[in-house]
Amino acid sequence: MLRSLLSAFLVFALALLVVGFTLSKSTGRRADFRFSNGNEPKSLDPQLATGEPEHRILSALFEGLARLDARSLEPVPGVAESWEISADGKKYTFHLRPSARWSDGQPVTARDFCYAWRRLQEPTLGSEYAYIMHMVRYAEAYNTHAGQAAALRGTIPAAVTALLRAHAGAIPAAAVLEFSSKQNLDATLEGTPNSVLRNFLLRPAGDLPRSELSALPAQFELEGRRRAALYEEAKLHFGVDGGAYAADDHTLVVELVAPTPYFLELTSFYPLFPVPRWAIEKSGGQNWFLPNRIVSNGPFQLRQWRVGDHIRLERSDSYWGRKDVRLRDVDILPIENTTTSLNLYLTGELDWLPLQSIPQDLAPDLRSRADFSTGPAFIAYYYKINCTRKPFDDVRVRKALNLAIDREQITRDVMRLGQLPARYLVPPGIRGYTPPDTGIQFDVELARKLLTEAGFPDGRGFPKFGILYNTLESHKKVAEVLADQLRRHLHVDVAAYNQEWQSYQQSTRAMDYDLARAGWVGDYEDPNTFLDLWLTNGGNNRTGWGSVVYDRLLSAAADVEGFVAQPEFVLDHAHDGPALRRMTDAARAAAEPAQRLKSMSELRLALLAQAERILIHDEFPIVPIYVYVTQDMVKPEIRGFYNELLGSDGAKRPNLRGIHPLRDVWSQRDPYRESGSR
Amino acid sequence: VIEGLVLAFGVVLLAATAWCPPRTTRLLGALLFALVLGVVFRFALGMPVALVCGLLGAVVAFRVFPLLVLRRVLFLVPALVLLIYATTLLMYRAPGNPFANERATTPQVEAALRAHYGVPKSASAFFAIYMHRLLVEGTLGPSIKVQGRTVEELIGPAFPVSVALGSLALLLSVGLGLGLGIVAGLRRNTAVDHLSMFFSLLGVSLPNFVLGSAAMIIFSLWFGWLPVAGWGSLRHVVMPAIALSLPNAAIIARLARSGMIEVLQQDYVRTARAKGLPESWVVVRHALRGTLMPVVSFLGPAAAATMTGSFVVEVLFAVPGMGQWFVKGAINRDYSVVLGTAIVYFGLVILFNLIVDLAYAWLDPRLRSSGAARP
């Protein structure tokens, strides 16, 4: 009886094993290059994807107008073989190379870019990266104004009515704040010319008289109408004959709202990649990027994608620069366990471990290996302070927290990989950017003095508070050290606690925390990517902190010409007014276009530095901790990895973002010796 | 409040199916069986075939199926609906939502995404959309975090992998566990007993990621016999199957040991011995059946759990199985994935419990004659 039971079971198991294997039978030959990607990509739709694993794959599958040269990471011709930039820096004319082809043989035309860019801004698509292209004329209006108009003429007036009904006298400050943030007023009214609404946004916190509130709906209606009209205009023109349009099949004209020094670099970033309209429409826009459906224009094509197993790319025969692509195929493994990744690397199954695939507790020991490299990264690690809670609404308390932390101890004893202790928010290494004065240092005496001034001598009377971090071992270590330092240095009662990712998101969004861990990866090499987080009520701010001067400095940097025309408010309020005024005058006086562009760009960075100064010298809504390091392990026979970049100006710079374009990677491994089993 | 009431009503209804009289059970069970067949076949083979299959199925079920099976079917269908509803409510109670991201999304974008994926803000509305998808469109819905794929496209390739790995692991654990347990039970309180129970204790208390990591270091890094991780050849299966089997083997060993000790004291074993049968004959022919009883009842849920994969083992050995979707679905609040995995798991639990019940009747003649089924 037992025998029959067992044999039945055995047959059953064997049959299923066979099923399992046929489904995951390997592709045969070992790919020329195999690497761990840490995670399964969420999407391979350039306009919908976000994240590093997606970035690595998309940059191999598609190509933008420009691409990043592996040696310098500067934009070099991609689909566009040349381009002209107008003297005022606001108009780009791209000449597309006639040899650029989609993988189905169709030529890549300017219309493909128009389609992709309009798609990126499509309000119904819901792209998270839409904002990154808002400096293109019409883009923002097309992307956001319809929704804003609907809110201004619907939910927002309704909320005003409800607010008036709920309160008898003046509206209390807390209710006003809740109304503003719930209705997302700052984003909805951004850039409004309506003076009543501007004044409402800029008014200091406090009770709001009824009359002032009841006057608003009429203005909302006006603003709503204005935005609806702008949307209609943008809908008519954007991607057709304005903003970004095809002058002919191989000429793309792009009009910017304001000169943007990083725009060329941006065209090599995946949200701006062209996409094949016919392939997307054929599959209803849902799954066109899966193997056998996808049509792409980059150096590689997607051959296979087994979720949880691997993605295989093969060199594209239709790519214009196929002669430069030396890898025949690439395997990308979504391995989540970093120890497993390392073991696969050590047994020769993987050729490259990027940052997220190296076990952090082993990394300091791996550091001595020749194939391990680190360098500064364009990623900041910091804590947010909830500025709406007492006593953290007091700037002295926030400064005391910043001064009481020994960042050296954290980088030296906890992180141990040469991370830089952060006295700034913006990581170092941006060309032309001079960081401002910082008030951040390790000074326990001064910290205690500030705390005493704030009414908590020797920490007495300071309420117990928590340090929130999202569940991860390395965050835990930092949070515990931080709590310990604050306890010892300030004698305050503090405890670190963790929440899993979604709960953590919810808590920070709802401002339900005291101190919360955060990190930010720069999207493009410019201080703006770190500084626009802190706009008043900005979606990523989540500290409750806001400053009119700060907001104005950032909008001035976004439109330097507009600022030069009307610089008074910023110059009066910025710390370094006189120096800024000199630069402003110089920019205004510059007659020669190139000179003017250069001084504008210097002025722009100076404005951003002034903004950063507010964060790290005056107001301290955050506690910067350290700057990440990039980490790579690469087999010695793999070439084309540059951790030290050589710029076209001959200067050497670190590879801040850890980008290694697969197009330029090659393997020196003898292809005939390594044949056979995977 | 209304949602709570609906839930309570569902539970009462579900409990009521247990008291349903045999004739009604037969009829309703057959009808529901036909419905399930119809829904499944409609998307595989088309409407006319589905109708025929459903009707045929109903007749066969009504005439041939044991009452036990029909009672299970009658329980299964409402329980499934209730499970979906309760899971939906729980998911919506959990903080966060599938569209909450590190980067702030504007309300317009979130609204667009919600409309696109069919995830409205109310749990009941989502339940309605989900049931419509399941019954009318025949899909488990799109995954939100693995874009461009439906849940069945995610689970479809992963499920056979998990079943293959799981059945091998189960086979190993039954073999190993029964061997250790029976020997220990026969040689009670001897060194053999202590040794095998020590191993069993080790298997229960050492988590399988520790066992797996140790095996990986020894067999892959030191000796180089087996590949570290991945999926694609028989050599890839060895370590994950062992890591997956040891905890179950340990439990089976303990169950088999105590079962054997108990059975050896039964009258019928004494009778067998009194007849002068050789000891090995007594053990194999008479004692083994009784020993298997507790093991079999453990195997039902254990089989369902093992064959739906283990997150830990899959992540450690980079196996593209189904276990990861239980955890990822929950962590990402990918509602459709959560429901999809819950349905598969629930179906397997019901299926294996049914098999256990049938096996019981087969192993124990006393249950067969009375015709009673374990509830």
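The structure presented is a predicted model; accordingly, all values stated were derived computationally and were not measured.

Conventions used here
- Residues numbered from 1 in each chain as written.
- Chains lettered and ligands numbered in written order.
- Predicted model: local features only at pLDDT ≥ 70, side-chain atom pairs only at ≥ 80, totals over all residues.
- Heavy atoms only, no water.
- Helix = DSSP H or I, 4+ residues; strand = E, 2+ residues; numbered from the N terminus.
- Rg over C-alpha atoms; globule rule 2.2 N^0.38 Å.
- Buried < 20%, exposed > 50% of the residue type's maximum accessible area, 1.4 Å probe, protein only.
- Contact = heavy atoms within 4.5 Å.
- Lys, Arg positive; Asp, Glu negative; His and termini not counted.
- Charge placed at Lys NZ, Arg CZ, Asp CG, Glu CD.
- pLDDT = per-residue confidence, 0-100.
- Pairing = 2+ DSSP bridges.
- Axes fitted to C-alpha atoms, helices over the stretch in contact; angles between N-to-C directions.
- 1 Å grid on protein atoms, 1.4 Å probe; cavity = no way out; pocket = protein on both sides within 12 Å on 5 of 7 lines; lining within 4 Å.
- Points joined across faces, edges and corners; volume = space filled by probe spheres on them.
- Nonpolar A, V, L, I, M, F, W, Y, C, P; charged D, E, K, R; others polar.
- Salt bridge = Lys/Arg side-chain N within 4 Å of Asp/Glu carboxyl O.
- Buried area = accessible area lost by both parts, 1.4 Å probe.
- Core = buried A, V, L, I, M, F, W, Y, C linked by side-chain atoms within 4.5 Å.
- Expected span 1.5 Å × (residues − 1).
- Arc of directions from axis to C-beta.
- Patch = residues over 30% accessible without salt bridge, like charges linked within 9 Å, V, L, I, M, F, W, Y side chains within 5 Å.
- Areas by Shrake-Rupley, 256 points an atom, 1.4 Å probe, with all protein chains shown as cover.
- Polar contact = N/O pair within 3.5 Å; in protein donor to acceptor, adjacent residues only side chain to side chain.
- Phe/Tyr/Trp six-rings, centres within 6.5 Å; stacked < 30°, edge-to-face > 60°.
- Left-handed = near helix turned anticlockwise from the far one by under 90°.

Turning our attention to the overall build of chain A. A count of helices and strands for chain A gives 25 helices and 21 strands. Relative to the compact-globule value of 26 Å for 678 residues, chain A shows a C-alpha radius of gyration of 27 Å, a close match. Taking the principal axes of its C-alpha atoms as reference, chain A extends roughly 80 × 65 × 65 Å. Expressed as a percentage of the 678 residues in chain A, the buried residues total 56%. The contacts in chain A between residues at least 6 apart in sequence include a share of 72% that link residues at least 24 apart. Each charge class in chain A was averaged separately, 79 positive and 83 negative side chains, and the resulting centres sit 3 Å apart.

On to the confidence of the model for chain A. Per-residue confidence for chain A averages 89 on the pLDDT scale, and 94% of its residues sit at or above 70. A low-confidence stretch, residues 672-678 of chain A (pLDDT under 50), is modelled with 11 contacts involving residues beyond four sequence positions or located in other chains.

This part covers the sheet that holds strand β4 (residues 80-85) of chain A. Residues and elements named next belong to chain A. Taken together, four strands build an open sheet; the order of strands is β4-β5-β7-β6 and the sheet is antiparallel. In this open sheet, the two edge strands, each paired with only one partner strand, are β4 and β6 (244-248). Recorded for the sheet is a direction-independent mean angle of 25° between the axes of neighbouring strands.

Going through the model one piece at a time under the given rule, you end up with three cavities of 30 Å³ or more. Counted as a void, the largest cavity has a volume near 410 Å³. Around the largest cavity, the lining is made up of 29 residues, and of these A:His55, A:Ser59, A:Ser268, A:Ile659 and A:Pro661 lie nearest the centre. For the lining of the largest cavity, the element with the most residues is helix α2 (residues 52-61) of chain A, which contributes five residues. Its residues assigned to classes, the lining of the largest cavity comprises 14 nonpolar, six polar and nine charged. Estimates place the volume of the second largest cavity at around 220 Å³. For the second largest cavity, the lining is made up of 22 residues, of which A:Gly308, A:Pro334, A:Ile335, B:Ala318 and B:Val319 are closest to its centre. Broken down by secondary-structure element, the contributors of at least two residues to the lining of the second largest cavity are α13 (311-316) and α14 (323-332) of chain B.

Residues and elements named next belong to chain A. The peptide bond linking Lys390 to Pro391 adopts the cis configuration, its omega dihedral lying at 0°. One can find Pro391 in the loop between β12 (372-385) and α15 (395-403). The backbone of Tyr138 sits at a positive phi, close to 75°, despite the residue not being glycine. Mapped onto the secondary structure, Tyr138 falls in the loop between α3 (110-121) and α4 (139-153). We note that Asn292 has phi near 75°; this positive angle belongs to a residue other than glycine. The exposed category is assigned to Asn292, whose relative accessible area is 80%.

What follows deals with the pattern of salt bridges. All names here are of chain A. Per the stated rule, a full pass over the model turns up 46 salt bridges over all chains. Of the charged contacts, one joins Arg328 and Asp32 as a salt bridge, the two residues approaching to 2.8 Å between their closest N and O atoms. Of this pair, Arg328 sits in the loop between β9 (310-315) and β10 (329-333) while Asp32 sits in the loop between α1 (2-23) and β1 (33-36); the two residues are 296 residues apart in sequence, bridging distant segments of the chain. Since its relative accessible area comes to 34%, Arg328 is described here as partly exposed. Arg604 is the partner of Asp526 in a salt bridge, and the nearest nitrogen-oxygen pair spans 2.9 Å. Note that Asp526 is positioned in the loop between β16 (515-521) and α20 (528-531) and Arg604 in helix α25 (residues 593-619), a separation of 78 residues in sequence.

Let's shift gears to the interface of chain B and chain A. Facing 55 residues of chain B, the contacting portion of chain A comprises 57 residues. Between chain B and chain A, the buried area comes to about 5200 Å², and carbon and sulfur atoms account for 63% of it. At the boundary of chain B and chain A, one finds two salt bridges. Between A:Glu336 and B:Lys328 there is a salt bridge; the shortest N-O distance is 2.7 Å. The residue makeup of the side of chain B that touches chain A, split by class, is 34 nonpolar, 14 polar and seven charged.

Attention shifts here to the nonpolar core. Residue and element names in this part refer to chain A. Core analysis: the largest hydrophobic core is formed by 107 residues, its most contacted members being Phe33, Phe94, Trp117, Leu252, Val254, Phe263 and Leu313. Ranked by the residues each element gives to this core, the list is headed by α3, at seven residues. The contact partners of Val254, leaving out residues within four places of it in the chain, are Lys90, Lys91, Tyr92, Phe94, Trp117, Val136, Gly243, Ala244 and Phe263. Among the nonpolar cores identified, the runner-up in size contains 49 residues, and Ile440, Tyr504, Ile616 and Leu656 belong to it.

With that settled, consider helix α5 (residues 155-166) of chain A. An α-helix turns once per 3.6 residues; consequently, residues spaced three or four apart project the same way. Residue and element names in this part refer to chain A. Relative to the 16 Å expected for 12 residues at 1.5 Å per residue, α5 spans 16 Å between its end C-alpha atoms, a close match to the ideal helical length. Residues of α5 that are buried include every one of Ile156, Pro157, Ala159, Val160, Leu163 and Leu164, and no others. One face of α5 carries all of its buried residues, which in axial projection span an arc of 155°. Away from its buried face, by an angle of more than 90 degrees, α5 presents the exposed residues Arg165 and Ala166. Looking at the buried positions of α5, the neighbouring elements they touch are α4, α6 (173-182), α7 (185-188), α9 (210-214) and α10 (216-237).

Turning to a nonpolar patch on the surface, a few remarks are in order. All names here are of chain B. Nonpolar side chains collect at one region of the surface, where Ile217, Ile218, Phe219, Trp222, Phe223 and Trp225 lie side by side and expose about 640 Å² of accessible area between them. Locating Phe219 in the fold gives a position in helix α9 (residues 208-222). Take Phe219: its relative accessible area is 30%, and that puts it in the partly exposed class.

Residue and element names in this part refer to chain A. Where strand β8 (residues 300-306) meets β9, six bridges bridge the pair, whose relative direction is antiparallel. Counterpart to Phe300 in the pairing with β9 is Arg315. Hairpin connection between β8 and β9: a loop of three residues separates the two successive antiparallel strands, and Gly308 in this loop has a positive phi of roughly 80°. In terms of strand pairing, β9 meets β10 through four bridges, oriented antiparallel. Pairing of Ile311 across the sheet is with Ile332, part of β10.

This part covers the side chain of A:Ser296. Residue and element names in this part refer to chain A. Mapped onto the elements of the fold, Ser296 is located in the loop between α12 (277-282) and β8. The class of Ser296 is buried, set by a relative accessible area of 2%. Side-chain polar atoms of Ser296 contact the backbone oxygen of Leu61, separated by 3.2 Å. With near-sequence residues (within four places) excluded, Ser296 lies in contact with Leu61, Phe62, Arg101, Trp102, Ser103 and Gln301.

Turning our eyes to something else, we now look at the packing of aromatic side chains. Residue and element names in this part refer to chain A. Going through the model one piece at a time under the given rule, you end up with 43 aromatic pairs over all chains. Seen from their ring centres, Trp102 and Trp278 are 5.8 Å apart, and the 90° between their planes marks the pair as edge-to-face. Here Trp278 lies in helix α12 and Trp102 lies in the loop between β5 (91-96) and α3, a separation of 176 residues in the sequence. Residue classification places Trp102 among the buried residues on the basis of a relative accessible area of 0%. Owing to a relative accessible area of 29%, Trp278 belongs among the partly exposed residues under this scheme. A ring pair is formed by Phe113 and Trp117, whose centres lie 6.2 Å apart and whose planes are at 80°; its orientation type is edge-to-face.

Residues and elements named next belong to chain A. The residue Tyr245 is located in strand β6 in this model. For Tyr245, a relative accessible area of 17% puts it in the buried group. Along the primary structure Tyr245 and Cys114 are separated by 131 residues, whereas in three dimensions their C-alpha atoms are 6.0 Å apart. Leave out the neighbours within four places in its chain, and Tyr245 touches Cys114, Gly239, Val240, Thr251, Leu252, Val253 and Glu255.

Turning our attention to the packing of helix α10 (residues 234-264) of chain B against helix α12 (residues 279-307) of chain B. All names here are of chain B. At their nearest, the axes of α10 and α12 sit 9 Å apart, and the two run at 145° to each other. The two elements α10 and α12 cross, and the hand of that crossing is right-handed. For the pair α10 and α12, contact is made by Leu244, Asn248, Ile251, Ile252, Leu255, Ala256, Gly259, Met260, Val263 and Leu264 and by Val283, Ala287, Gly290, Thr291, Pro294, Val295, Phe298, Leu299, Ala302 and Thr306, respectively. Split into classes, the residues belonging to the contact of α10 with α12 amount to 15 nonpolar, five polar and no charged.

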